[in-house]
Amino acid sequence: MTHVAAQPVTVAAAPALKGRIRVPGDKSISHRALMLSALAVGESRVEGLLEGEDVLATAAALRAMGATIIKESAAASSGGEQAMGADIARGEDGIWRIHGVGVGGLLQPRAALDMGNSGTSTRLLMGLVASHPITATFTGDASLSARPMKRVIDPLSTMGAEFTASPGGRLPLMVRGLCPAVPIAYTLPVASAQVKSAILLAGLNTPGTTRVIEPVATRDHSERMLTGFGAALSVEEVPEGRIISITGEAELKPQSIVVPGDPSSAAFWLVAASIVPGSELVVENVGMNPTRSGIVTALRLMGADIAELNPRIVGGEPVADLHVRHAALSGIEVPPELAPSMIDEYPALFVAAAFADGSTVARGAEELRVKESDRIAVMKAALEANGVSLTEHEDGLTIHGTGGDAIPGGARIASKLDHRIAMSMVVAGLHARAPVTIDDAAPVRTSFPTFFELLESLGGQVTWN
């Protein structure tokens, strides 16, 4: 992807945040909706797709392997299309149409697949390619190129795919798929929905039954969506955890999908309204899948005032509007078993803890070390620079809160090309005595393109440097 110059931004303390807002579509569901639609026979329709850079990287890669992906618009309906990036048509109304190639029908891409900053795109597409008779090279930005891929390479190699990777099992790497691939039974050594999903996607085009044994439950969007598209998938609860089995050589049926709002994006507003005095927000259409809603549980344990309004099912996923009001937060020991259901939300939780009364101990989250950045070390440095007292552990942080008072602020922090670090520290700056500067807000576009627009609509003071 085209290199984007750093975009520093400074955020000052905000008045009470009041209003109704809607966050972008769920990133995890958006990736999977595109991938499974690309493997279905016929045309699928997706509404509410997250149009951040990560999801657009998935769309571009699938287009490069034969799928037709367009964003519906008045111009498109009359026969015209406007190019988006390299090859995706874009319009105005948020309805995407995907003409799939069928399971087994992916074509050899003519050039390397540039995944930008998206680990989900990379790992899941590696699974798709692994059981197709094609070879694909994956590249990415500096942040993605530092992330480990061995956890996906190992099981996919057992299925017969061949990999040529950079040192440490990192990008750039080349995958040479095997067709027919070999079905496996694989026990996840770490709780990872991405690894689980990569294996299940490889199993789609593999004869026989491929099984993933999951000792600790992770987000189940892949299982829900595979079932919705007609794959033969079963989930069995056993003493060892969950066994997810998929029968290969499937024929997927096209679907009409409505993507709910992303709980990871909602988390920033739940924390912001909780810590900024006088705030009251309704965050509409938030996905409340129990494998994703750990941040709501954790914040409620701290005393957050969060109510679920109008609970409903959208596209097979539980959804609600979340009403959140400013509340006095208390430090807690975050239950480690919540980690798989809120792993991406820990940076926002660390910010909430900085304003709580007493100490918050958040451990059992060593997976944060291998995200877009080392989120434990980077958040420690960012919060400390702004006057927060805390202690770093190998698997988390202990944070000593202000009891609701504003933090000192005043520092310039390094986001390390990590969108969640940048947004979390913007939230921290909303209740700081001196403005907080983030060295680069450009990565926010990977998951939440309208983040700053929403903040300003609520009265937030944003200065682009």
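Heads up: the structure comes first, above all this text.
### Digging into unusual backbone geometry
Consideration 1: Cis peptide bonds are those with omega within 30 degrees of zero, and the linkage from leucine 171 to proline 172 qualifies with -5°.
Consideration 2: Inspection of the secondary structure assignment puts proline 172 in strand 11 (residues 170-176).
Consideration 3: With an omega dihedral of 5°, the bond running from cysteine 179 to proline 180 counts as a cis peptide bond.
Consideration 4: For proline 180, the location among the structural elements is in the loop between strand 11 and strand 12 (185-187).
Consideration 5: The backbone of glutamate 249 shows a phi angle near 55°, a positive value even though the residue is not glycine.

### With respect to the pairing of strand 14 (residues 232-238)
Consideration 1: Relative to strand 15 (residues 241-247), strand 14 is paired through 7 bridges, and the arrangement is antiparallel. Across the sheet, glutamate 237 pairs through a bridge with arginine 242, a residue of strand 15.

### Regarding the nonpolar core
Consideration 1: Judged by nonpolar contacts, the single largest core of 81 residues is most densely connected at Trp269, Leu299 and Tyr346.
Consideration 2: With 9 residues, helix 9 (residues 263-275) is the single largest residue contributor to this core.
Consideration 3: If we ignore the near neighbours within four places in the chain, the residues touching tyrosine 346 are Val334, Ala339, Ala362, Arg363, Ala365 and Leu368.
Consideration 4: Formed by 67 residues, the second largest nonpolar core is a distinct cluster that contains Ile69, Ala136, Met225 and Leu226.

### Structural notes on the packing of aromatic side chains
Consideration 1: Tallied over the full model, the rule gives 7 aromatic pairs.
Consideration 2: Considering the side-chain rings of tryptophan 269 and phenylalanine 448, the 6.4 Å spacing of their centres and the 75° angle between planes classify their relative orientation as edge-to-face. Pair noted here: tryptophan 269 is in helix 9 and phenylalanine 448 is in the loop between strand 27 (436-438) and helix 14 (451-457), with a separation of 179 residues, a long-range link.
Consideration 3: Seen from their ring centres, phenylalanine 452 and tryptophan 464 are 4.9 Å apart, and the 70° between their planes marks the pair as edge-to-face. One end of the pair, phenylalanine 452, is in helix 14; the other, tryptophan 464, is in strand 28 (residues 461-464), and 12 residues separate them in sequence.
Consideration 4: Taking the relative accessible area as the measure of exposure, phenylalanine 452 reaches 9% and is therefore buried.
Consideration 5: One aromatic cluster is present, formed by Phe268, Trp269, Phe448, Phe451, Phe452 and Trp464 through successive ring pairs.

### A short note on the packing of helix 1 (residues 27-39) against helix 2 (residues 53-64)
Consideration 1: Running from N to C, helix 1 and helix 2 point in directions that differ by 10°, and their axes come no closer than 9 Å. It follows that helix 1 is roughly parallel to helix 2 by the angle criterion. Of the residues in helix 2, those touching helix 1 at Lys27, Ser30, His31, Leu34, Met35 and Ala38 are Asp54, Val55, Thr58, Ala59 and Leu62.
Consideration 2: The residue inventory of the contact of helix 1 with helix 2, partitioned by class, reads 6 nonpolar, 3 polar and 2 charged.

### Examining the sheet that holds strand 23 (residues 396-400)
Consideration 1: Ordered in space as 20-21-23-22, the 4 strands form an open sheet in which the pairing is mixed. Each end of this open sheet is capped by a strand with a single partner; those strands are strand 20 (333-334) and strand 22 (389-393).
Consideration 2: As defined by bridge partners, strand 20 adjoins strand 21 (residues 359-362) across 2 bridges and the pair is classed as parallel. Note on strand 21: the bridge partner recorded for glutamate 333 is valine 361.
Consideration 3: In this fold helix 11 (residues 346-354) packs onto strand 20, strand 21 and strand 23, with an angle of close to 20° to the strand it touches most, strand 23.
Consideration 4: Together, strand 22 and strand 23 form the strand contacts of helix 12 (residues 375-385), whose direction differs from that of strand 22 by roughly 165°.

### A closer look at the side chain of aspartate 418
Consideration 1: On the secondary structure map, aspartate 418 appears in the loop between strand 25 (412-413) and helix 13 (419-429).
Consideration 2: What makes aspartate 418 buried here is its relative accessible area of 0%.
Consideration 3: Within the structure, the side chain of aspartate 418 is placed 2.8 Å from the side chain of serine 373, a separation counted as a polar contact.
Consideration 4: Residues in contact with aspartate 418, not counting those within four places in the same chain, are Glu372, Ser373, Arg375 and Pro443.

### So, the packing of helix 1 against helix 4 (residues 119-130)
Axis angle and axis distance: for two packed helices, these are the angle between their axes and the distance between the axes, and together they describe the pair.
Consideration 1: At a minimum axis separation of 11 Å, helix 1 and helix 4 run at an interaxial angle of 25°. Judged by the angle between their axes, helix 1 and helix 4 are roughly parallel. For helix 1 against helix 4, the interelement crossing comes out right-handed. Packed against helix 1, whose contacting residues are His31, Arg32, Met35 and Leu39, the element helix 4 presents Thr120, Ser121, Leu124, Leu125 and Leu128 at the interface.
Consideration 2: Tallied by class, the residues present in the contact of helix 1 with helix 4 amount to 5 nonpolar, 3 polar and 1 charged.

Cut-off values and rules
- All residue numbers refer to position in the chain's written sequence, counted from 1.
- pLDDT decides what is reported in this predicted model: residues at 70 or higher carry local features, side-chain atom pairs at 80 or more are listed and counted, and totals for whole chains, interfaces and linings draw on all residues regardless.
- Excluding hydrogens and water, the side-chain values take into account all heavy atoms of the structure.
- Numbered from the N terminus, helices here are DSSP runs of H or I no shorter than four residues, and strands are runs of E no shorter than two.
- Note on pairing: DSSP must find at least two bridges between two strands before they are called paired.
- Put simply, buried Ala, Val, Leu, Ile, Met, Phe, Trp, Tyr and Cys residues joined by side-chain atoms within 4.5 Å make one nonpolar core.
- Working definition: with a 1.4 Å probe on protein chains only, accessible area under 20% of the residue-type maximum means buried, over 50% means exposed, and in between means partly exposed.
- We call two residues in contact when some of their heavy atoms are within 4.5 Å.
- Working definition: a ring pair exists when centres of Phe, Tyr or Trp rings (six-membered ring for Trp) sit within 6.5 Å. Plane angles under 30 degrees give stacked, over 60 give edge-to-face, the rest tilted.
- The axes are straight lines fitted to the C-alpha atoms, using for helices just the contacting stretch, and the angles between their N-to-C directions are given from 0 to 180°.
- Angular relationships are summarised with four words: roughly parallel below 35 degrees, roughly antiparallel beyond 145, roughly perpendicular across 65 to 115, and oblique for the angles in between.
- Three categories are distinguished: nonpolar for Ala, Val, Leu, Ile, Met, Phe, Trp, Tyr, Cys and Pro, charged for Asp, Glu, Lys and Arg, and polar for the others, with Gly belonging to the last.
- Here a polar contact is taken to be a pair of N or O atoms separated by no more than 3.5 Å, where protein atoms must pair a possible hydrogen donor with a possible acceptor and residues adjacent in sequence count only if both atoms sit in side chains.
- Each crossing is labelled by how the near helix is turned from the far one, with a counterclockwise turn of less than a right angle marking it left-handed and a clockwise turn marking it right-handed.

Function cannot be read off these values alone, since they describe shape.
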